[in-house]
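Structural overview
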Amino acid sequence: MANPSSVPFVDLSLQHAPLRAELMAAMAAVADGGDYILGNSVVQFERAFAAACGVPFGVGVGSGTDALTLGLRACGIGPGDQVILPVNTFVATLIGVLQVGATPVFVDCELDTGLMDIAAAERAMNRLTRAVIPVHLYGQMVSPKALHALAEAHGVTIFEDAAQAHGAERDGIKAGSVGLASAFSFYPSKNLGAMGDGGMVVTQQEVVAQTVRSLRNYGSTRKYYHTDPGGTNSRLDTLQAAVLNIKLACLADWNCDRNRLAKLYDDALKPLAAQGLIPMTNHSGSGHVYHLYVIRLTRDCAIDRTRLQQELAVAEIQSGIHYPVPCHLQPAFHHLGYQPGDFPIAEQLSQEILSLPIYPGMTEGHLEYVVKTLMGLVQACPVLT
Ligand SMILES: *Cc1c(COP(=O)(O)O)cnc(C)c1O
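Parameters and conventions
Residues numbered from 1 in each chain as written. Predicted model: local features only at pLDDT ≥ 70, side-chain atom pairs only at ≥ 80, totals over all residues. Heavy atoms only, no water. Pairing = 2+ DSSP bridges. Helix = DSSP H or I, 4+ residues; strand = E, 2+ residues; numbered from the N terminus. Axes fitted to C-alpha atoms, helices over the stretch in contact; angles between N-to-C directions. Contact = heavy atoms within 4.5 Å. Buried < 20%, exposed > 50% of the residue type's maximum accessible area, 1.4 Å probe, protein only. Domains from an automatic or database assignment. Buried area = accessible area lost by both parts, 1.4 Å probe. Salt bridge = Lys/Arg side-chain N within 4 Å of Asp/Glu carboxyl O. Polar contact = N/O pair within 3.5 Å; in protein donor to acceptor, adjacent residues only side chain to side chain. Left-handed = near helix turned anticlockwise from the far one by under 90°. Near = heavy atom within 4 Å. Areas by Shrake-Rupley, 256 points an atom, 1.4 Å probe, with all protein chains shown as cover. Nonpolar A, V, L, I, M, F, W, Y, C, P; charged D, E, K, R; others polar. Parallel < 35°, antiparallel > 145°, perpendicular 65-115°, else oblique. Core = buried A, V, L, I, M, F, W, Y, C linked by side-chain atoms within 4.5 Å.

With respect to topology, three strands assemble into an open sheet ordered β12-β13-β14, the strand pairing being antiparallel. Of all the strands in the sheet, just β12 (277-279) and β14 (353-356) have a single pairing partner and so form its edges. Each adjacent strand pair in this sheet contributes to an overall mean axis angle of 35 degrees, direction not counted. Pairing between strand β13 (residues 293-297) and β14: four bridges, direction antiparallel. Following the sheet pairing, Y293 is matched in β14 by L356. This element, helix α10 (residues 251-269), spans β12, β13 and β14 of the sheet and lies at about 20 degrees to β13. Sheet strands touched by helix α11 (residues 305-314): β13 and β14. Its angle to β14, the strand with the most contacts, is close to 15 degrees.

So, in structure tokens, the structure goes:
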């Protein structure tokens, strides 16, 4: 095949092109039907997505952030409650905790996966701890067994942030089915993405689902009768649900493709371990859905990350950093009282990580071009002694 000379970070057009006619027809049907708010497509998608997660209830909301907020609130988490969450996550996890008025308690992560350190979570617990939010970061689940053990030993609620883990599995257990409830996002670039914002709370408990249904709709279950004080307007759009119904049928294949591409990267990058370039570890085999493919440029790596990113950009290869500043060091949350040095592993990772392009439909030619370019850059720099 032709030598690809430019690789985007993600390419959604590859997902949408084969579905174009179907997507357009579904959107036209919504436009013609006039059933714009909480229409039939929403109900249909809620059932289908919850079933795909292996849980009985799903409630569509406006975004992943709202799924966190309304989901936590429906689980009874609020002022006076401590909620444990990993410090290396997208800031929305923290925003959800703060929006319900609970107290966030950060914990560090594992160096090889970036996932929440369960032992650190256990150490952070006290009698005010009400919930733990494992973030299934980069598409890999935090160990369900370890989470179940934690919940049983300490009587805390597990609330999953599964915004990067649609369809992920570990030890035969699906993302979204571990805790009392879970938050998903359908932001366009997620493994299952809408053509705009969207989110969902999936849950094992009917009462949690009913409460989210009320909270997303002004705190009412019956028009003009308001029973839940934490209510707002945050519903999954009917148009987005129509799109998501069609895309859901492709999710398993897309995830399979991501997993296959990641394995190609893993194998091809092995020789660079000696130069200090190390991919994050996969502990869940084909259950890792690789929302992101993340490598670490350790201290042994002669080329500095900023330079490497610049050189990749020159070669027209887009890369990213997820995330460059851990939550506890974000200026907006200075008032929480954390300091540099509080979470050494997450801080180290924030300096070392780099996310490479990965998306369903990415060709092997594109992947080889990324690998070859990386090899040239990493090996061209002499190892400093
Ligand atoms: C994307 C994301 C969210 C937020 O979802 P939005 O739909 O953008 O509000 C929350 N947590 C994690 C880990 C995410 O990646």
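Structure shown, so let's carry the discussion forward.
Time to look at the pairing of β13. Most of β13 is tucked away: five of the five residues are buried. By the alternation rule, side chains of β13 split into Y293, I295 and L297 and V294 and R296, which are all buried. One ladder, built from three bridges, connects β12 with β13; its direction is antiparallel. Paired with I278 across the bridge in β13 is R296.

Further remarks concern the side chain of H166. Within the secondary structure, H166 sits in the loop between β5 (157-161) and β6 (169-170). Classification of H166 by relative accessible area gives buried; the value is 0%. Leaving out residues up to four positions away in the same chain, H166 has contacts with F49, F184, S185, F186, K190, N191, L192, L251, N255 and V289.

Below, the discussion takes up the domain arrangement of the protein. Domain boundaries assigned for the protein yield domain 1 (13-248) and domain 2 (251-379). Measuring from the centre of the C-alpha atoms in domain 1 to the corresponding centre in domain 2 gives 25 Å. Taken together, the contact between domain 1 and domain 2 spans 39 residues of the former and 36 residues of the latter. A buried area of about 3,300 Å², summed over both sides, lies between domain 1 and domain 2, and 64% of it is on carbon and sulfur atoms. In terms of surface lost to domain 2, no three residues of domain 1 exceed L111, Y138 and N191, which account for 24% of the buried area on that side. Connecting domain 1 to domain 2 are zero salt bridges. The interface formed by domain 1 and domain 2 contains 22 residue pairs in polar contact (both at pLDDT 80 or more). Looking at the side of domain 1 that touches domain 2, the elements with two or more residues in it are α1 (13-16), α5 (92-99), β3 (103-107), β6 and α9 (238-248). Per-element tally for the side of domain 1 that touches domain 2: the top contributor is β3, with four residues.

Packing of helix α4 (residues 64-74) against α5 brings their axes to within 8 Å, and their N-to-C directions diverge by 35 degrees. Crossing handedness for the pair α4 and α5: right-handed. Contacts between α4 and α5 involve T65, L68, T69, L72 and R73 on the former and, on the latter, A92, T93, I95, G96, V97 and Q99.

Around the ligand sit 15 residues in total, of which G64, T65, D161, S185 and K190 are the nearest. Residue D161 places a side-chain N or O atom 2.8 Å away from a nitrogen atom belonging to the ligand. At a separation of 2.7 Å, an oxygen atom of the ligand approaches a polar side-chain atom of K190. In isolation the ligand exposes 380 Å². Once the protein is present, 93% of that is buried. For the shell around the ligand, the elements supplying multiple residues, two or more each, are α4 and α5. Here the element with the most residues in the shell around the ligand is α4; it accounts for three residues. By residue class, the composition of the shell around the ligand is five nonpolar, eight polar and two charged.

Taken as a whole and assessed by the stated rule, the structure comprises nine salt bridges. One salt bridge in this structure joins R213 and E46, with 3.2 Å as the shortest N-O distance. Taken as a pair, R213 in helix α8 (residues 206-215) and E46 in helix α3 (residues 40-53) lie far apart in primary sequence, 167 residues in all. With a closest N to O distance of 2.8 Å, E46 and R216 form a salt bridge.

Two numbers describe how α10 lies on helix α13 (residues 364-380): the axes approach to 11 Å, and their chain directions differ by 30 degrees. In terms of orientation, α10 lies roughly parallel with respect to α13. Between α10 and α13 lies a crossing of right-handed hand. Contacts between α10 and α13 involve R260, L261, L264, Y265, A268 and L269 from the former and E364, L367, V370, V371, L374 and M375 from the latter. For the contact of α10 with α13, the class distribution of residues is ten nonpolar, no polar and two charged.

Once that is clear, we can look at the nonpolar core. By size, the foremost hydrophobic cluster in this structure holds 65 residues, and its most contacted members are I77, I84, F106, V132 and V212. Ranked by residue count, the leading element in this core is α4, at five residues. No fewer than three residues from each of domain 1 (13-248) and domain 2 (251-379) sit in this core. Setting aside residues up to four positions removed in sequence, V212 forms contacts with V59, V61, L70, G71, A74 and V201. One finds A262, L297, L356 and Y359 within the second-largest nonpolar core, a separate group that totals 29 residues.

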